[in-house]
Amino acid sequence: MAEDTMAAEEQAALSALLEANGYTEADQQDGSNPIQQLEVFLQDYPKMLALHHFPYLKVLKLIDQGIEMIESLTECKQLKQLWLMENKIGKIEGLSSCSGLQEVYLYSNRITAIQGLEQLTGLQVLSLADNYITSITGISHLGQLRHLNLARNDISLIGSSLLPNTALTYLNVAGTGVSSFQDVGGLSKLTGLQDLCLADPFWGESPVAGLCNYQTFVLCQLQQLTSLDTLLLADETKAAALATFTKKQLYYNMRIRTLRRAAADLAKQAKAGCQVESGRWAELQSRLKCAAKGLQGQLQQHQAASQSDQAQLQDQLAELQSAMQAVQSRQEDLSQRLAWDIKAAAAVLELAVSRLQLELLSGGNIRLEEARPGDSWLASCQELLRSKLIPAGEPGGSHGIVDIQVVSAARVHNRHLRMQCEKHMACIDSSAADDKHCIDYLLFGEHPALPGELMGVVQHGFRSSAEYNSMGLDGAVRLASCINLADQLRIQQQQQLGPNAVAKTGSSNAPGSGLLVGQLLVCKVQLGGALQEAEGQVQLLTKAGERDLRGEDGRVQVAACLDGTPVSQQQYPGMTAVYRTAVAYSGSTVSQQRQVLPQHRVWYVFNPVAVLPEYLITFKYVVTAGQQTDTLSAAAAAANSLNDLAGSNSKQSDPLLRLCAQPLQHWLLMQQQPPSENNNIGALELETLSSSVIPGSNLSADEAVAQQCQAALSAAAAAADNRRLSFSAVTPEALSGFAGGQQLAALTALSLHDCGLTSCWGLLQQLPALTSLVLSFNKLTTLDGLCEPAGQQHTLSQLDVSHNLLSYWQASWLAGCSKLTMLDASYNQLANLAHVDELVRYASLLVEVNLSWNPITQHKAYQLQLLRHLPDLQRLDGKTVAAGGNPNQTKLEDLIRQGAIQWHSDTGPVPKLPAGNTADLHPTQHQIFSLVVESRGLDSLAGVGAAHNLVCASFADNLLGSATGLEGCSQLQQLNLSSNLISELSPLSGLRSLRQLDVSLNHISSLTALMPLTALCQLSVEGNMLTSLAFVTALVNLLELYAANNAVADIKEAERLACLPGLVILDLAGNPLLAAAAEEYRPLLLYRLRHLKVLDGVPAEPLEVAAARAKYSGRLTLGFLEEQLGNACTLSTIRSLDLSSLRIKDTGVVFAPGSLFSSLAELVLDDNNIRSLAALAGLSSLAVLKISNNRLGDTEPIKLSLGVAPSPQSINNSAANHKLTNGGATNLPEQQQLVPLLPNLQVLHLAGNGLTSLAPLQLRFAPALRSLFVQDNELQRLDGLEGLGQLQELVADRNKIRVLGDDALAPLVRLKELHLQHNCIRSLVLPATSTSGGNQAGYDGSNTTLGGCLPSLCILRLDGNRLSDFGDLDRLADIPGLLEVSLAGTPLAKKQAYRLLLISRCPNVHVVDSQKVTKEEREYAEAMFAAPDPDSMAGPTTAEWQAAAAADASKAQWTPQALALGAATTGSPVKGLGVAAAPAAAKLSGLALPVAAAAAPTADSYAQLAAVSARLQAG
């Protein structure tokens, strides 16, 4: 049976193919003229069957056929073109036999992955647009592919997936998720790419096409393009794009401040990364300490059975202490390395700042133009460096270096040097005209004997030959033709110092450099005409230690840096430059393996004017793995495991910031690592500890320490006393049992280590002689009550409360422990600096304090407070306090007398003041113009106020808790109080002349005190605790505001600044509002703050500002509503709100959760430009929503959903309930993932929105909906109506609906009124398009009729559709409660006998086509189509048909009397249709009634019409 069915399908498919193309079976079987092309369009060919009958087929087009699978192509081996678009294909398959395919068109299908093309190696055109593809894979083998269309897919990343397709000339990724410039830039390697579409009028645009500077970036990266986004490109357009992209930001002050802030953030992240790595060792240290404390407790309590056992415990304790010391050493090493790296990063930062300051101070004459992606000269530099590198494996190549990468490049703009060089070239003797053509690009590398020379050359040019000669160097500018020669001295020096030399030394020669990273200058050199070789040759150093550059004192020896005999111009008169040829040695015998490399030279240029520095390049060597034959390769092995933060993975967009990040890259990567699932190093996984070490560190030492710790812990565990007592409170009974019978009054040392203690109340009262107490590894949250009763002094001198849960303590217990000399409270939760104040006040005899691994240690005043107030302190946090490490309180007067401050008056610096008391200073303070006291531990500004003429002052990085003392400085214009402990700014409220104020990195929470300072132009409040910017609005002259890294969470706070007319620079980075506002943040502020030029360090481009204005020009705000309707109190009482015709594009946060309109019941938003419903989430009481004639159809589906994500609390509650009822499973069902957006919505108007489907609305989340109006849209079917069991009215007029599906109508069990006027419905047959309806409420899966799906329907309007079948009238009869029906304007309504048949089939209908059905009309219709006489089964005669037609044609002349007469002539009473009505109607719909001339009705005609009806019903 199945085989017969398949054969029938095959035959039907073959017939369909032949018929669609005008062929016959004979044509198909004719071998002399085989069929080579088939095309099926607008036919019924749902399966690719019978295609094997066409083996010579070359072109196959099956369009819009509903095909779901590619099949039956095994015999079509000559196929060249395959068109299968607009089908339902979900997978590319079945093409392996069509290896000759050249063009494949599969757009508008359901394909999710690119696959199945392995055999199509000759494919040239591939169109997969409008599918569901998520990644570009499976086409790397298509070497001939030249046309690729992937538009309107779910692709978000291009990456390097297209690089193998070198023949590609056309690429369309419009309408995809490509969103980054970097991703598009990767296409630059496709040199043949000419046409690129990221925005297409047919397929839409990708997110990247909407970004600012989009066209500029693409044209800079892809210079080979001739067309972009379907538009041809002119050369002028490309040139303008490149010029625009390379413009430099001129806001130097903003750049410097932003750079410093970002660098400070990097340092914080680096410290966090160090904390992560150190935490692994700290966890191990805790276990060691816990074991040691346990052994100490055993020894104190004499639990050992013999002296040998005691000696064994002592040995094991010594092993633990040794291991602890080793771990401590590793932690200190980490801290030291971090300090070195932070110091190196600080040096880089200062260098970057000096570069920006140099640009500012020189008026732009000297500047370094940092390269950015897309700059053409950057690619040139990359290629230039690669061309000048001798890679490993070639003669002269060394250290396993195979490639070089440009980390950063800066173009040197020094107008003075350039003018000098041009003048020098113009003055060359005309007789040697060819000389000026002898120009080359040579390299100047870092010189060990000339630290900082590169930046010196950038600013001032090269030194003179005489100056070089006086330093013992060659009397010329030494340049090299290859990188190996230019950089070999630096490499030799770094190899002698070790892999971490730069970090340890903080060298600033090449900040952030190491063995792999270096710097050099690319110089344009005029070499002259006659070239002469100097005496001697230059050796290429290929091994470590070939040349010792350092003397016995460790300093660089100048003579060791020479290439041979010093070169001077006296030796070569008349020459502009001379050169030495490079020579390489290999093997053990130098003389036998010497090789001269004439193409590689070292040049000695005697005239420095002839050398023009063009580029300053930071580069990185690429070293092959496996060639680790020396120190350089060993460093590479460790470094290659890290991501280069200067590369593509860097989050820093500023090139200068990337340079600052290089020394910290390891710590930053550690900080980004997710926390380990098992942070307890119980098993002591050596891989974890070994893999986290810093590159270049002693890996074997780390392993040895870990093994030592493991051995010590194992031995301690074996000897541990498992009889440990546990108790929560220290009662006398518990202490007696723990002391093993010893007298508590005489006990001097007690260890309650790891006993589960939660309270120590009254402990010392029971132990009056106790001097040493260990309470470590318990659960103490406080030490209150330790010395109860209060007022009693105790003899306790050593206290260990480490590894507890202490978060605070009160002074009461410290007051009773005044003899305390040692306190260990490490590994707790102490965070308040007041604890330190109490400690130094009551325990001034402390010699050793350990508060490490507490949050309090991060406070900048922590160590200084302890060192100042504890004069006997010798150890702090496990480290020995250096001699003289206890600084006294620093007073401003003392610093003045010490000459530590640069004082200035209007006549110049003030001489050092004589010693004396404070009063002696006052006579000279009136001369002070500026004052700088930074990083001196200053905690008071007392006395500064006497400097009445002070204009500039800086007290940054001190310990100031208040600005008190500045009240008298009324002339102060610039004030820097950053990095202090200030929390209140009220002392500054009288400084009305202040123009620049920096109070960043303090503890400020309010700016109220600054309101009177209306002259302020620049304000920096970064790194504070601000939650509001309200009081900034009073600073009407403010131009620059830096408020990054605060606690501002509401975007409204930033919008307040719109009243500042001159605000051009604003920095709010690092505030919660960035995450809260997400994508809205930047465009919204650019729109609201109309004069803003720079936001968060990024310039506001004109296109970006224009886009922001276009986006937010129609946004509804609460301020607008308050202006129109009243204040907030009034808004909360409104129940109905009409906002129609206001050109609103977005309602913003007006109706968001927490809105003042939570009680609103009716909202009218008709005739606006709204694109989303998500912004209405706060209208929980809304019952009526009218949002007709908007633009909801133009947005993505997620913004239309009436279901939203629940709050976190409701998610947790649902998950908990689900877990209880599902055996512990916590995965919520899909329907519980969303909650209703408008839970009480009953009436919804969505007319005129351009909607193409109702499914994105997810109407099931509006279960109370009773009326839905979706007329005047673009709907093609009724879908998405699931869950609308309460819906009573549905209006979908003037759409494009073609069919009615049972799955769409099944949920509408209570629908009473359905309007589908002016659609494209051809039939009322309900195809079973889905089985989902069987799961809907009120639908059992068998009700596939209108009556079964809509049992409550009373009114049905189908005017203006395409109904033409009389059978549809029978389908209306299935609706039991139908009272009103309208089919006017349909072909069916124009047919004869339509109205009578409709009335007869629907006995309960009262209105047809807006006309009421009269009683007489119904009686006649029922009589006409009455039930048949069983004795009369013959069909109607021709005469009877003619009589019926005549009667129907003259129905307009019928009167009630005539109808009554007609009913009487039938001889039967008027009655309903009965069960025989449907077959009669079905037959009637298939007949064509003959047309007769209209005539007055007669009794005979009525009788004949009745006979016709009877015959039809009989069959």
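Only a predicted model underlies this, so the values are computations on that prediction, with no experimental measurement involved.

Caption draft 1: Expanded view of the overall build of the chain. Of the regular secondary structure elements, the chain holds 41 helices and 53 strands. Sequence-distant contacts in the chain: of pairs separated by 6 or more residues, those separated by 24 or more amount to 59%. Of the roughly 66,300 Å² that the chain leaves accessible, carbon and sulfur atoms contribute 50%.

Caption draft 2: Local environment of the packing of helix 28 (residues 1081–1088) against helix 29 (residues 1102–1112). Viewed as axis vectors pointing N to C, helix 28 and helix 29 meet at an angle of 90°, and their least axial separation amounts to 8 Å. Accordingly, the angle class assigned to the pair helix 28 and helix 29 is roughly perpendicular. Of helix 29, the residues touching helix 28 (which contributes Arg 1082, Pro 1083, Leu 1084, Leu 1086 and Tyr 1087) are Glu 1104, Ala 1108, Arg 1109, Lys 1111 and Tyr 1112. Partitioning the contact of helix 28 with helix 29 into residue classes produces 6 nonpolar, no polar and 4 charged.

Caption draft 3: Structural detail: the sheet that holds strand 28 (residues 875–876). Spatial ordering of the open sheet is given by 23-24-25-26-27-28-29, a layout of 7 strands whose pairing is mixed. Looking along the sheet, the strands with just one partner apiece sit at the ends: strand 23 (749–751) and strand 29 (879–880). Bridge count for strand 25 (residues 798–800) against strand 26 (residues 822–824) is 3 bridges, and the pairing is parallel. Residue pairing for strand 26: Gln 798 is matched across the bridge by Met 822.

Caption draft 4: Representation of the packing of aromatic side chains within the structure. On inspection of all chains with the given rule, the structure shows 10 aromatic pairs. Here the aromatic rings of Phe 619 and Tyr 621 are separated by 5.2 Å at their centres, their planes lie at 70°, and the arrangement is edge-to-face. Pair check on accessibility: Phe 619 and Tyr 621 agree, each one buried. Residues Tyr 827 and Trp 853 carry aromatic rings whose centres are separated by 5.7 Å and whose planes lie at 10° to one another, so their mutual orientation is stacked. Of this pair, Tyr 827 sits in the loop between strand 26 and helix 22 (834–842) while Trp 853 sits in the loop between strand 27 (848–850) and helix 23 (862–869), placing them 26 residues apart in sequence. In this structure an aromatic cluster arises from ring pairing among Tyr 107, Phe 202 and Trp 203. Positioned above the aromatic ring of Trp 83 is the side chain of Lys 61, whose terminal nitrogen or guanidinium carbon lies 4.8 Å from the ring centre. Cation over ring: Arg 601 sits above Tyr 579, and NZ or CZ is 3.9 Å from the ring centre.

Caption draft 5: The arrangement of the pattern of salt bridges in detail. All told, the structure shown has 25 salt bridges when counted by the stated rule. Note that Arg 418 is salt-bridged to Glu 614, the shortest N-O span being 3.1 Å. Residue Arg 418 is found in helix 9 (residues 415–426), and its partner Glu 614 is found in strand 22 (residues 611–623); the two are separated by 196 residues along the sequence. Arg 418 sits in the partly exposed class, given a relative accessible area of 30%.

Caption draft 6: Structural detail: unusual backbone geometry. Phi at Ser 108 is positive, roughly 60°, even though this residue is not glycine. Along the chain, the position of Ser 108 falls in the loop between strand 4 (103–105) and strand 5 (125–127). Judged by its relative accessible area of 17%, Ser 108 falls in the buried class. The backbone of Asn 1045 sits at a positive phi, close to 55°, despite the residue not being glycine. When you line up the elements, Asn 1045 lands in the loop between strand 37 (1040–1042) and helix 26 (1051–1055). Judged by relative accessible area, which is 23%, Asn 1045 ranks as partly exposed.

Caption draft 7: The arrangement of the packing of helix 22 against helix 23 in detail. Axis separation between helix 22 and helix 23 bottoms out at 10 Å; the angle between their running directions is 10°. As summarised for this structure, helix 22 and helix 23 are arranged roughly parallel, according to the angle between their axes. Between helix 22 and helix 23, the residues in contact are Val 836, Asp 837, Leu 839 and Val 840 and Tyr 862, Gln 865, Leu 866 and His 869, respectively. Among the residues making up the contact of helix 22 with helix 23, the classes are represented as 5 nonpolar, 2 polar and 1 charged.

Rules used throughout
- Residues numbered from 1 in each chain as written.
- Predicted model: local features only at pLDDT ≥ 70, side-chain atom pairs only at ≥ 80, totals over all residues.
- Heavy atoms only, no water.
- Helix = DSSP H or I, 4+ residues; strand = E, 2+ residues; numbered from the N terminus.
- Contact = heavy atoms within 4.5 Å.
- Areas by Shrake-Rupley, 256 points an atom, 1.4 Å probe, with all protein chains shown as cover.
- Axes fitted to C-alpha atoms, helices over the stretch in contact; angles between N-to-C directions.
- Parallel < 35°, antiparallel > 145°, perpendicular 65-115°, else oblique.
- Nonpolar A, V, L, I, M, F, W, Y, C, P; charged D, E, K, R; others polar.
- Pairing = 2+ DSSP bridges.
- Phe/Tyr/Trp six-rings, centres within 6.5 Å; stacked < 30°, edge-to-face > 60°.
- Buried < 20%, exposed > 50% of the residue type's maximum accessible area, 1.4 Å probe, protein only.
- Lys NZ or Arg CZ within 6 Å of the ring centre and 35° of its normal.
- Salt bridge = Lys/Arg side-chain N within 4 Å of Asp/Glu carboxyl O.

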